[in-house]
Each structure stands twice: as structure tokens, then as C-alpha cells.
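# Reading the structure
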Amino acid sequence: MPALVLLGAQWGDEGKGKATDLLGGSVDYVVRYQGGNNAGHTVVVGDQKYALHLLPSGILSPGCTPVIGNGVVVDPSVLLSELSGLNERGVDTSKLLISGNAHIITPYNVTVDKVTERFLGKRKIGTTGRGIGPTYADKINRVGIRVQDLYDESILTQKVEAALDVKNQMLTKLYNRRAIAVEQVVEELLGYAEKLAPYVADTVLVLNEALEQDKVVLFEGGQGTLLDIDHGTYPFVTSSNPTAGGACTGAGVGPTKISRVIGILKAYTTRVGAGPFPTELFDEDGEALRRIGGERGVTTGRDRRCGWFDAVIARYATRVNGLTDFFLTKLDVLTGWEQIPVCVAYEIDGRRVEELPYSQTDFHHAKPVYEMLPGWNEDISKAKSFSDLPKNAQAYVKALEEMSGAPISAIGVGPGRDETIEINSFL
Ligand code: GDP
Ligand code: IMO
Ligand code: MG
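Residues numbered from 1 in each chain as written. Chains lettered and ligands numbered in written order. Predicted model: local features only at pLDDT ≥ 70, side-chain atom pairs only at ≥ 80, totals over all residues. Heavy atoms only, no water.

Defined as follows: UniProt positions are given in the numbering used here, feature names are shortened, and annotations may be inferred rather than shown by experiment.
By the naming in an unreviewed UniProt entry, the chain goes by Adenylosuccinate synthetase and is assigned to Streptomyces werraensis. In the Subunit (unreviewed entry) part of its UniProt record, the chain is described as follows: "Homodimer." In its Pathway (unreviewed entry) section, UniProt records this for the chain: "Purine metabolism; AMP biosynthesis via de novo pathway; AMP from IMP: step 1/2."

In C-alpha cells:
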């Protein structure tokens, strides 16, 4: 019963989409277990480029069943337009399964996301504005709307009423916005019911039965470890658990079933939105990483903040996720630097600190301690095996592996499926 979790080891955008797609051809199910259409996963197949937000990246592999688990928040209009966009490009999406327990991002959740960010002013999180936080807040407050509610008009109406009761007071009295009419929301949501019906399933049962039958299941995380609501740089995080434990709660699969946890790790670091980022660069090196790496958000189009590799973060990701492997991505982007700085520790108020500090104050004060590694100039995008890499690139990978605490089992040297060096098989 091989069950693999594939997740972001940094602040998201590590290349999870590409890695999932690569494995998609050999697995039976690919499952999203948290997050929603805040994710932007780019998959390049031949000369075709796909940007997926809500659908699991396995949707592009014909033999694979894509699953949206109970831990995901679903914006039905985004889901339907993503499905029709893929259908227009000839991708068969008929195998998709959606958990009836997944929560729905309603139009009022999107409104609340935008107004709360505006009111936070300079303390804002820099969310994607997709309604993610408010939808998870409703879930925890027990006033959320679930996919299954679309099939009982009376329950749906009662639940929308309950959710809007307080929100309309807040919108009108605090935020100076117009109240949202219950009937309008109910009508819109009911309009999605029939279109989504063929996909709705008891995904917990399906996945557990699949594992009993020795099928291969891959859990695809959105966002990344440092954006985790519990283990990330709170409050500058997303509102779900991208870390490995999230796969269990977000898909209804017990931890004893998980056989491998793969951390996707960029050969440098990026971040979108606000929050601390010790190795962030504000100079021409940062500009160069952004330009060469194409570091622009798939979801919001915002420029990503860029910096050098941070081994403290990678070690932390190994620990909180129980990583068994790393998939190192975008090594090709580092070609051309004479020397590449790697952050090996932090200096915090005069002290050298080797591990991620649990205190927010300390993390905000953390200054990177760099070790310089020699760079390389050779084009590595055609490398097929580790030995094809120039010696200094090999040494860079080995140094990262040693500092990060888990074996690097694959290396990305370009965005395409085949631009990958496989070192240890994942299956
Ligand atoms: P995700 O959110 O983790 O799926 O990552 P994104 O898709 O948001 O961002 C990763 C970007 O890097 C995408 O444009 C990918 O096509 C690209 N990419 C992935 N792996 C590699 C790699 O090894 N080299 C290069 N040059 N690009 C890569
Ligand atoms: P993928 O799956 C990078 C960031 C936002 C913001 C914070 C909270 O492509 O790696 P939210 O809308 O989730 O409430 O915003 O989280 N964020 C991401 N950053 N990649 C992502 O997804 C992200 N999803 C959310 O920029 O800082
Ligand atoms: Mg992304």
C-alpha cells in the first residue's frame, strides 16, 4: 500500500506541480488534501503549459484518478472553469472525485478575505484574495457550507442564513459594505449542484479501499511547510496544514498508511506575500534569480521575493514532516554564479542559532550566516544523471543534502517532465 506525500518544503512554489505530474504516470490516485485555488501549480508537458489551481496535478496523467479531499476548500466557479479549460484542450477530466465533506468557498468568503486585508492596512498578510482564510474560519466556527449541502436546499438555506447572520452585521456596520442576500447566495450555489454531482463521492472510502488493494496513492500538498497554520511563520501563513500530517486529516487516511514523504525543495528560496524571510535579497542577485527563475506568481501574478537557499528551513521541513526524501528543483537557475551563498545558520541578537527559532520575535531578528559554495557555468539542462552535472553542481547538491537531513532523490534541471535527474526511485 504505497502512499506518498509530496509537499512544499519552503514557502510554496517549489515546483510541486511538476513533481506530481512526473509521478502521476505511475500512480493510481493523486489527492489534494488542503488549500484551495490559492495554489498555482505549473505543469509543462511537451510544448504545452498548464496552470492548475484547484485540480490535482495528476489530472494530466490519463491513468490516474484525481481526488479533491475533504480538507480542501472548493470554489465551485473556479473548479468548473478549470475543468472546462482543460476539456477544451483535450484533457479528459471525467475521473475526478470530490469529497462531499470538502468546504465550499462562497462569494461572501471572498468578500470577507478582501475587506479584512484592506482593514489590516500595512499589517496585511498579502493573501491571494481567494477567500481561503474566511472559508477555513467558517469551517472551524462550524458555520461552513460543504459540497454535500448543495444537494439539500433546505439545509443549504439554513446554513447560509447562519453564516450570513453575523457576517452581514460585520460587513454593514464595521466595513461599510452592503449586506449579502441569503437567497442570492443559495441560488448561485444551487446552480453548481448538478454540474458537480457526477464527481461527488465518499473519497475517504475510495482511498482506503484503494490502499487495501495495493494501489499507489500520491497526496499533493498545496503551499508549503513555512506557510502551515501551525508550523509556519504565523501569522504570515495560509489557513490550512500543508505539512505531512495534513494529508491524513485532509484525506481521511491514517498515518500508518503513509510510506514516504517527499519534500519539494527549490535550490534557492522564494516567498509571495508578507512575512519574515531571512535570506531575502534586495540587490541584483535577487533580481537575477527572479528573472532567470521566472519567479512570478501563477495565481496572483505578483513578483516573488527571492533569496539564497536556507538550510535551517530545509532541516526544519525534514523534522516537522518526517521527510524521507527531497526533490531538489530549479538547480539550472543557479548556473552562472561564480560563488553561491548558502545560509547554514542564523545570527540572532549576537548568538549563532542552528535551528529554526520557535519565537516569532527571534525569527524576525534572524540574520543569515552564509557559507560560500563554488558555482558552475556549464548548461545543465540536458543532464540526465547525477554524473552528467559539473563537479561544482554535484558538490552543491551534496552540501545541501548534508545540511538538510534527508537524501535528495531527484533534481530538476528545467520545467519539462523530462528535465529531471532521478537518483533514487520514489516508487
Ligand atoms: P508549485 O506551486 O510548487 O507547483 O510551483 P509553481 O508552478 O508555482 O512554480 C514553479 C515554477 O518553476 C513553474 O513555472 C515550473 O514550471 C518551474 N519549474 C519546476 N521545476 C523546475 C526546474 O527544475 N527548473 C526550472 N527552470 N523550472 C522549474
Ligand atoms: P502553491 O501551492 C506561494 C501565500 C499568500 C499569502 C499567504 C496567505 O502554488 O505553492 P491565502 O490566500 O492562502 O490566505 O494567503 O499564503 N500563499 C502562497 N504562496 N504559493 C502558494 O501556493 C500560496 N498559497 C498561498 O501569498 O502570503
Ligand atoms: Mg505555485
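Further notes follow.
### Quick notes on the domain arrangement of the chain
The criterion, for reference: Domain start and stop points were drawn from an automatic or database domain assignment. As used here, buried area is the combined drop in accessible area, with a 1.4 Å probe, of two parts when they are placed together. Salt bridge, as used here: a side-chain nitrogen of Lys or Arg that lies within 4 Å of a carboxyl oxygen of Asp or Glu. Between N or O atoms, a polar contact is any pair within 3.5 Å; within protein, one atom must be a potential hydrogen donor and the other a potential acceptor, and residues adjacent in sequence are included only when both atoms are from side chains.
Here the chain is partitioned into domain 1 (3–91 + 202–422) and domain 2 (103–198). Each of domain 1 and domain 2 has a C-alpha centre, and the two are 29 Å apart. Interface of domain 1 and domain 2: buried area, both sides summed, is about 1,800 Å²; carbon and sulfur atoms make up 63% of it. For the domain 1 face of the interface with domain 2, the top three residues by lost area are Val73, Pro76 and Leu80, together amounting to 29%. Taken together, domain 1 and domain 2 are joined by 0 salt bridges. Inspection of the domain 1/domain 2 interface yields 8 residue pairs in polar contact (both at pLDDT 80 or more).

### Let's talk about the UniProt feature "binding site: Mg(2+)" (unreviewed entry) in the chain
Applicable threshold: Numbering of helices and strands starts at the N terminus; helices are DSSP runs of H or I of at least 4 residues and strands are runs of E of at least 2. Note on contacts: a residue pair qualifies if any of its non-hydrogen atoms lie within 4.5 Å across the two residues.
The sites that carry the UniProt feature "binding site: Mg(2+)" (unreviewed entry) are, in the present numbering, Asp13 and Gly40. With the annotated positions falling across 28 residues, the maximum pairwise C-alpha distance of 7.6 Å places them together in a single cluster. Assignment of secondary structure puts Asp13 in the loop between strand E1 (3–8) and helix H1 (16–24). The residues touching Asp13, leaving out its near neighbours within four places in the chain, are Gly40, Lys266, Thr270, Val272 and Arg304.

### Some thoughts on the UniProt feature "binding site: substrate" (unreviewed entry) in the chain
How we decide: Exposed residues in this analysis have more than 50% of their type's maximum accessible area, buried residues have under 20%, and partly exposed residues fall in between, with area computed by a 1.4 Å probe over protein chains only.
Feature annotation in UniProt places "binding site: substrate" (unreviewed entry) on Val298, Thr299, Thr300, Gly301, Arg302, Asp303 and Arg304, given in this structure's numbering. Positionally, Thr299 belongs in the loop between helix H9 (284–293) and strand E13 (305–307). For Thr299, a relative accessible area of 16% corresponds to the buried category. Among all residues touching Thr299, those that are not within four sequence positions of it are Asn37, Asn38, Ala39, Gly40, His53, Thr128 and Arg130. Separated by 3.3 Å, the side chains of Thr299 and His53 make a polar contact.

### With respect to the nonpolar core
Note the cut-off: The definition of a nonpolar core used throughout is a set of buried Ala, Val, Leu, Ile, Met, Phe, Trp, Tyr and Cys residues joined through side-chain atoms within 4.5 Å.
Formed by 60 residues in total, the largest nonpolar core has its most connected members in Phe219, Leu289, Leu331, Leu334 and Tyr396. If you tally residues by element for this core, the top one is helix H12 (residues 391–404), at 6 residues. Non-local contacts of Leu331, meaning those with residues more than four positions away in its chain, are made with Ala267, Trp376, Ile380, Leu389, Tyr396, Val397, Ile411 and Gly412. If you look at the next biggest cluster of nonpolar residues, it comprises 39 residues, including Leu79, Leu80, Leu156 and Leu189.

### With respect to the packing of aromatic side chains
The cut-off we apply is this: Two rings from Phe, Tyr or Trp (for Trp, the six-membered ring) form a pair when their centres sit within 6.5 Å of each other. Planes less than 30 degrees apart are called stacked, planes more than 60 degrees apart edge-to-face, and all others tilted. Note on geometry: a ring has a charge over it if NZ (lysine) or CZ (arginine) is within 6 Å of the ring centre and within 35 degrees of the ring normal.
Applying the stated criterion across every chain yields a total of 6 aromatic pairs. With centroids separated by 4.6 Å and ring planes inclined at 75°, the aromatic side chains of Phe119 and Tyr175 adopt a geometry described as edge-to-face. With Phe119 in helix H3 (residues 107–120) and Tyr175 in the loop between helix H5 (153–174) and helix H6 (182–196), this residue pair connects regions lying 56 residues apart in the sequence. The class for Tyr175 is buried, based on a relative accessible area of 12%. In this structure, Arg89 is placed above the aromatic ring of Tyr50, and the distance from its NZ or CZ to the ring centre is 4.0 Å. Over the ring of Phe386 we find Lys398; its NZ or CZ atom is 5.5 Å from the centre of that ring.

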